[in-house]
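Residues per chain are reported as follows:
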Amino acid sequence: MWCFLLCGVLCFPGLLCTLPAATHQPLHEYSDGDVIIGGLFPIHLQPNRTFPSSRHVSCNEYHFQIFLAAQMMIFAIKRVNQRRALPNVTLGYDVYDTCGDVSLAMRMALNMSIDQLDPQCGLLPGRKPSSAPDPRVKAVIGEAFSEVSIAVARILTLSSIAQISYASTSELLSKKAKFPTFLRTVNSDVLQTKAMAELVKTFNWETVGIVGSDDEYGKYGSDGLVDNFNAMDVCVDFKFILPAHLDLSDSSAQKQLTELMDTIGNSTAEAIILFTQESIVKLVLKAAIQMKLNRTWIASDAWSNSPDIKELPGIEAIGPFFGIAFKRHIVEGFADYVSSMVEEKSSNPLWEYHKLNHPPCQSAPQEKLNCSLTASQCMETRCLVHYIFWDLSLNIYLAVEVIVNALSSLMKCDREKCQRNTSFTAYELLNEIKNVDLTLNDTHKVFDDNGDPMLGYDIVAWNSPSSGTIGEYLPGRKITLPPNLVAKMANATVTAFNCSKTCPAGQELMKNGCCKHCIVCSEGHFSPEIGTQKCRVCEEGKYSPLKRDRCLDKKPKFLEWNNPFIITLSVFIIMGIVATVVVGVILVVNRGTPIVKAVGGYLCFLELFSLLACFCLSFTFIVKPSPLSCSTGMPLFGIAFTLCVSCVLANLLQILVCFTFSQNMGGWLRKVNQPPAVVAILFGVQLVLCTIWLACFPPSLQREPHKKAFKLKCDPTSKALFGAVLCYVGLLAIVSFLFAFKGKKLPDLYKNASFVTIGMLLVLVVWIIFIPVYLFGDGVYTEAIKAAAVLVSSHSMLCCHLVPKCYIMVFRKELNDEKAITDYIRNHLERKGIDVLKS
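Residues numbered from 1 in each chain as written. Predicted model: local features only at pLDDT ≥ 70, side-chain atom pairs only at ≥ 80, totals over all residues. Heavy atoms only, no water.

**Side note on the overall build of the protein**
If you tally the helices and strands in the protein, you get 25 helices and 26 strands. Within the span of the protein, comprising 839 residues, buried residues form 52% of the whole. A fraction of 68% describes how many contacts in the protein between residues 6 or more apart in sequence connect residues 24 or more apart. Here the protein displays about 38600 Å² of accessible surface, and carbon together with sulfur accounts for 58% of that area. (Helix = DSSP H or I, 4+ residues; strand = E, 2+ residues; numbered from the N terminus. Buried < 20%, exposed > 50% of the residue type's maximum accessible area, 1.4 Å probe, protein only. Contact = heavy atoms within 4.5 Å. Areas by Shrake-Rupley, 256 points an atom, 1.4 Å probe, with all protein chains shown as cover.)

Next comes the structure, spelled out in structure tokens:
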């Protein structure tokens, strides 16, 4: 299929034919040998298709440095022949100027591979001029541009000819399924983009702008940079893609360049990366110089060591440059070779063309030496070394050495001779090249499975305090740079565009696009030191003060003893305890009197004990809550207060039984009128409820978080059991209230029922108010309100049931007499019309 396709392409009129011998045709140099190595170099950078027919192409923009790179290939091959690295075998070369054009490079690749194709295609050597020897190209070195190398690789793959590029870095060329014969002595852009990302990260730059071009080099490189920066959390402020061939005579191209300048001018990026070809970089930097855009620039390996860029007028005013450059090693003897070729009269076609454009100047004194190509058309011989791309030259020299080592292995050469002749296929040589392993000038050269080396990069700088090679990047290692320069970059806190890089303690960076600003940490967050990027959350139980620079322990929030409300409650508790003790003493003193019997007899002492317990338990609600006070306070109060109400209820039941004359009702009441049993049963029910509550779901201490403190709160755990305890107390209080209310009509000298009615009414009202406040209230006063409810209930029972009796025992002793009671009852019955027997 490939055979027929290629035949059709070559037979199409005027498309892929040998270039005519025109004055402006691309340069070409050929040297015969047993094995020919092809070379593709963009000695000119731009083809000119102004002629009527596309067959006729001239090239503009002579690139002197690439011309010297082509001379490195010729020099390396000549050196191999001189030192007889391949005994009885001579290497030749076939070098073409591609003008950086894809179609020209494809024609030249076809010319070099024509004898390797299947003869059935009709592509026979006879198509070439008869004066030229039969082509025997077994490997090709080139091209420089990735876009051109991709096109050439597709042609050379048809013949399995090894292609070794010295400058094409596109990661697309690493795909062996598409380009099985392509190898290179330069790192892939995958490694270059990693090196750039490491440089940006090491210099503490957090936002960048990327300028690429619409070709394989700029497009894939820009995408790779974006991926690396996203992984490193470096913000890409913009990515601008220019046309692959930027021609300012085109109005749209001029508009794009103006738009790029506006984008750079308005950007907050700390560094601008120019990942594109040198010709485009020139136009961009010239526009930047004109616009006076002072930025930090990062150069890709395509132009980081370009003398033409460094010598642009006014470039020192637009900021420092940092770049990723190929490893540089001076190839011994090449500089002398170049100088000698200038003086040599009978030279090769490439040199003749160069001398025609830049003839040698008369020697000038060292102090007046001017090596700028723009200064004059002639060139001082001593300036030639100034224009050698040593990094590019080393890659070319390595490519030649790789091919030579592969040939030596394939032809089984020793110092004397090669055991095999040159009748091998390009495919055999390709396999040998892939397996070459050599060390040259401290450079270890070996291809991986993708045909890529792992050589690393030099980090270069100019227009900055540190100039020249300032560091290096090696695969799998950290980038190395001058510590003082890294420290200077790392200590920068604010960019030139008022974007913050680091924040003082208590603040964090907030993004606004790619520009970051410092904001104060939110409540509950802190930033402990300068340079912290993000605020951290305080641990549980801690808060951040206004400065937000640390976290402080939250203090427990509860009512202190000096709080007026707590003081008031404490006074009432003490008063209750004292009153209970005083009442108890009075009752003990008068224990045999009628009035003591009237209030329940021995039950009143049980009632006093329960009230004393209630008053004492009130302290558990006003002190600092603790696990013990929470778990015991409310259950014990429920038990104690139930005992109190049970005693009162039993007493009321006695009064009702005594004065109930209904036969039916009286009989029923007399049966249940067993005070000990009544108290035991009523108290026992509450005791069971509280025991279950304490055993299974004991109340617990909870910390309720607030801004700067936490509120200590007793949680009932089981609201159902808590409600059951209160409801049971309420039920007893209601029954007591009803009994007391009914007993108000009975002949009660001491108004026992009337006072109990008031007391029970107070208890019911207090707890009806307390329950919703306690359940739904929030604050430090919740526990104090509970204490207040307990106190009101206890004081109500004490003051309404027992204190009036003490008043009579102390101040109305005449009423504390059985005769007084009998007379009061007789008078009451007589007023009712009931006959009473007189004793």
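Once you've had a look at it, read on.
**Observations regarding the confidence of the model for the protein**
When pLDDT is averaged along the protein, the result is 81; 82% of the residues meet or exceed 70. Per-residue pLDDT stays below 50 along residues 1-24; that stretch engages in 33 contacts with residues further than four places along the chain or on separate chains. Predicted confidence is poor over residues 117-135, with pLDDT under 50, and the contacts of this stretch with residues over four places away or in other chains come to 22 contacts. (pLDDT = per-residue confidence, 0-100.)

**Observations concerning the packing of aromatic side chains**
A full pass over the atoms with the stated rule returns 22 aromatic pairs. Through successive ring pairs, a cluster of aromatic residues spans Tyr-62, Phe-64, Phe-67, Trp-351 and Tyr-353. Cation over ring: Lys-138 sits above Phe-424, and NZ or CZ is 5.7 Å from the ring centre. (Phe/Tyr/Trp six-rings, centres within 6.5 Å; stacked < 30°, edge-to-face > 60°. Lys NZ or Arg CZ within 6 Å of the ring centre and 35° of its normal.)

**Quick notes on the pairing of strand 25 (residues 700-705)**
As paired strands, strand 25 and strand 26 (residues 709-715) are joined by six bridges and run antiparallel to one another. Directly across from Arg-703, in strand 26, lies its bridge partner Leu-712. Turn length for the strand 25-strand 26 hairpin, with the two strands adjacent in sequence and antiparallel, is three residues. (Pairing = 2+ DSSP bridges.)

**Describing the pairing of strand 6 (residues 137-141)**
The element strand 6 is extensively covered by neighbouring structure, given that five of its five residues are classed as buried. When strand 2 (residues 35-41) meets strand 6, the two strands line up parallel, connected through four bridges. What sits directly across from Ile-36, in strand 6, is Val-137. For strand 6 and strand 7 (residues 162-165), the ladder comprises three bridges, and the chain directions are parallel. Bridge pairing in strand 7 links Ile-141 to Ile-164.

**Quick word on a nonpolar patch on the surface**
A surface patch of nonpolar side chains, about 350 Å² in accessible area, is lined by Ile-567, Val-571, Phe-572 and Met-575. Along the chain, Ile-567 falls in helix 15 (residues 564-589). (Patch = residues over 30% accessible without salt bridge, like charges linked within 9 Å, V, L, I, M, F, W, Y side chains within 5 Å. Salt bridge = Lys/Arg side-chain N within 4 Å of Asp/Glu carboxyl O.)

**Quick word on the sheet that holds strand 26**
Across the sheet, which stays open at both edges, the three strands sit in the order 24-26-25 with mixed pairing between neighbours. Where the open sheet ends on each side, the last strands, each with one partner, are strand 24 (555-557) and strand 25. Averaged over all pairs of adjacent strands, the angle between strand axes in this sheet comes to 40°, irrespective of strand direction. Relative to strand 26, strand 24 runs parallel, the two sharing three bridges. Bridge pairing in strand 26 links Lys-555 to Ala-709. (Axes fitted to C-alpha atoms, helices over the stretch in contact; angles between N-to-C directions.)

**Regarding the nonpolar core**
In terms of nonpolar packing, the biggest core is built from 101 residues, with Phe-41, Met-73 and Ile-433 touching the most fellow members. Broken down by element, this core gets its largest block of residues, 14 residues, from helix 12 (residues 390-410). (Core = buried A, V, L, I, M, F, W, Y, C linked by side-chain atoms within 4.5 Å.)

**Side note on the sheet that holds strand 2**
Across the sheet, six strands lie side by side as 1-5-2-6-7-8; this open sheet has mixed pairing. Only two strands of the sheet have a single neighbouring strand rather than two, namely strand 1 (28-31) and strand 8 (182-184). Taken pair by pair, the neighbouring strands of this sheet meet at an average axis angle of 20°, ignoring direction. The pairing of strand 2 with strand 5 (residues 91-97) spans seven bridges and is parallel. Counted as the bridge partner of Ile-36 is Gly-92 from strand 5.

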